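Topology and contacts: notes
Here are the chains, one letter per residue:
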Amino acid sequence: MNTRTYAVIGWPLGHSLSPIIQQAAFDAAQLDATYVAIPTPPGHEQRRFDEVRKGDLSGLNVTIPHKNPAFHAMDFLTEAASSLGAVNTIIYENGKLKGDNTDLQGFLDSLQTFGKFDPVGTNAVVLGAGGAARAVVHALATCQPESVLVANRTLRRAQELATSVTEIRGTTIQASTLDTDQLEAQLSKSTLLVNTTSVGMAGGPEPDKSPVNPSWLHKNLLVFDIVYRPTTTPLLHAAKSTGAKTLGGLEMLVLQGAASFKQWTGENPPLDAMFSAGWAAVSSNQPTGAP
Ligand code: NAP
């Protein structure tokens, strides 16, 4: 049997961690498969989708800027991909291209398994309104929290995200910028704060900053920063010093990758091997790339 080839496509791809984590999984499971990064400029992604259809590639991870084009190019979609309008995993199933989005499941699994947090009936704050925020807010909305405030630098994007989820789920979701009394008040009654902005990310726009005023943090919070490099971001550092519980982004990264692995191979993902490879990679000094 020929070696199977899986790939991540994106532009730019930078130092994507997916090849390291997925190759570790294939090796630990003793599968004859390789996982490669294929930098793919905008407009060239259809060629990759066709390669999956022809069997030249056995499956794909898709990252920025191809998540939305992939959404439109699939034969069918999972509920997660459909609700997010974005595909991050492509599976070839019964002669058809299936699009999934494992960010949603990766977020919820890491929140529940590693954060030991149940969002039902809670008040929460999500910082950011980009692609990752969309998965996080949609995932939270499926758990019936009492209220969620989406706070983002650009208010219009926070409002659009809050509205899109409210229309789908009927949950109380509001929007604000990052420096309002409304955010301070919501945080004071919240038990969950999730950062999805790239503030605090190594190699990002403001690597030394917390995305929110650190004096608004308190010990009753679980602070979940989905940024995975550095492993302790300035936000997590500030949260720890207030006595809050903390969770970094590697768990979500590995679990969304594990969900892709499971769909491609049908096998249970070798999580220990995936975490070991992921920890080693985020602890190195390479700059951050796409997931
Ligand atoms: P994105 O779509 O580009 O969104 C970026 C977000 O960060 C936007 O809300 C943006 O606000 C905000 N932002 C950027 N610079 C800012 C600044 N200087 N001050 C305040 N806000 C700023 O990116 P994404 O795909 O959502 O990813 C966001 C982060 O999540 C990245 O660090 C990525 O590595 C991480 N991530 C982790 C996982 C995981 O599995 N752990 C998965 C996906 C993403 P505006 O709307 O105002 O521009």
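Structure shown above.
Residues numbered from 1 in each chain as written. Predicted model: local features only at pLDDT ≥ 70, side-chain atom pairs only at ≥ 80, totals over all residues. Heavy atoms only, no water.

**Here we look at the pattern of salt bridges**
A full pass over the atoms with the stated rule returns 7 salt bridges. In this structure, the salt-bridge partner of Asp103 is Lys67, at a minimum N-O distance of 3.3 Å. On the criterion of sequence distance, the pair formed by Asp103 in helix H5 (residues 103-113) and Lys67 in helix H3 (residues 67-73) is long-range, its members being 36 residues apart. Note on accessibility: Asp103 and Lys67 belong to one class, buried. (Salt bridge = Lys/Arg side-chain N within 4 Å of Asp/Glu carboxyl O. Helix = DSSP H or I, 4+ residues; strand = E, 2+ residues; numbered from the N terminus. Buried < 20%, exposed > 50% of the residue type's maximum accessible area, 1.4 Å probe, protein only.)

**Here we look at the sheet that holds strand E1 (residues 4-10)**
Here 6 strands make up an open sheet; going across it, the order is E2-E1-E3-E5-E6-E4 and the pairing mixed. Bordering the open sheet on either side are strand E2 (33-39) and strand E4 (76-77), each of which pairs with just one other strand. Sheet analysis places strand E5 (residues 89-93) next to strand E6 (residues 96-100), joined by 5 bridges and oriented antiparallel. Among the inter-strand pairings, Ile91 is bridged to a residue of E6, identified as Lys98. Contacting E1, E2 and strand E3 (59-62), helix H1 (residues 18-28) crosses the sheet at an angle of about 170° to E2. Strand contacts of helix H10 (residues 250-265): E1, E2, E3, E5 and E6, with the helix running at about 10° to E5, the strand carrying the most contacts. (Pairing = 2+ DSSP bridges. Contact = heavy atoms within 4.5 Å. Axes fitted to C-alpha atoms, helices over the stretch in contact; angles between N-to-C directions.)

**Observations concerning the site of the ligand**
Near the ligand lie 24 residues; those nearest to it are Ala132, Asn152, Thr154, Arg157 and Ile226. Note that an oxygen atom of the ligand is positioned 2.5 Å from one of the side-chain N or O atoms of Thr154. In the model, an oxygen atom of the ligand is placed 3.3 Å from a nitrogen or oxygen of the Ser198 main chain. Taking 920 Å² as the accessible area of the ligand by itself, protein coverage stands at 84%. Class assignment for the residues of the shell around the ligand results in 12 nonpolar, 9 polar and 3 charged. (Near = heavy atom within 4 Å. Polar contact = N/O pair within 3.5 Å; in protein donor to acceptor, adjacent residues only side chain to side chain. Areas by Shrake-Rupley, 256 points an atom, 1.4 Å probe, with all protein chains shown as cover. Nonpolar A, V, L, I, M, F, W, Y, C, P; charged D, E, K, R; others polar.)

**Concerning the nonpolar core**
Judged by nonpolar contacts, the single largest core of 32 residues is most densely connected at Phe107, Leu111, Leu140, Leu192, Val194 and Phe224. Of all the secondary-structure elements, those providing two or more residues to this core are helix H4 (79-84), H5, strand E7 (123-127), helix H6 (131-141), strand E8 (147-151), helix H7 (155-169), strand E10 (192-195) and strand E11 (222-225). When residues of this core are assigned to their parent elements, the largest contribution, 7 residues, is made by H6. Excluding its chain neighbours within four sequence positions, the residues that come into contact with Leu140 are Phe107, Leu111, Pro119, Ala124, Val126, Pro145 and Leu192. By size, the runner-up hydrophobic cluster in this structure holds 21 residues, among which are Leu13, Phe26, Leu250 and Met274. (Core = buried A, V, L, I, M, F, W, Y, C linked by side-chain atoms within 4.5 Å.)

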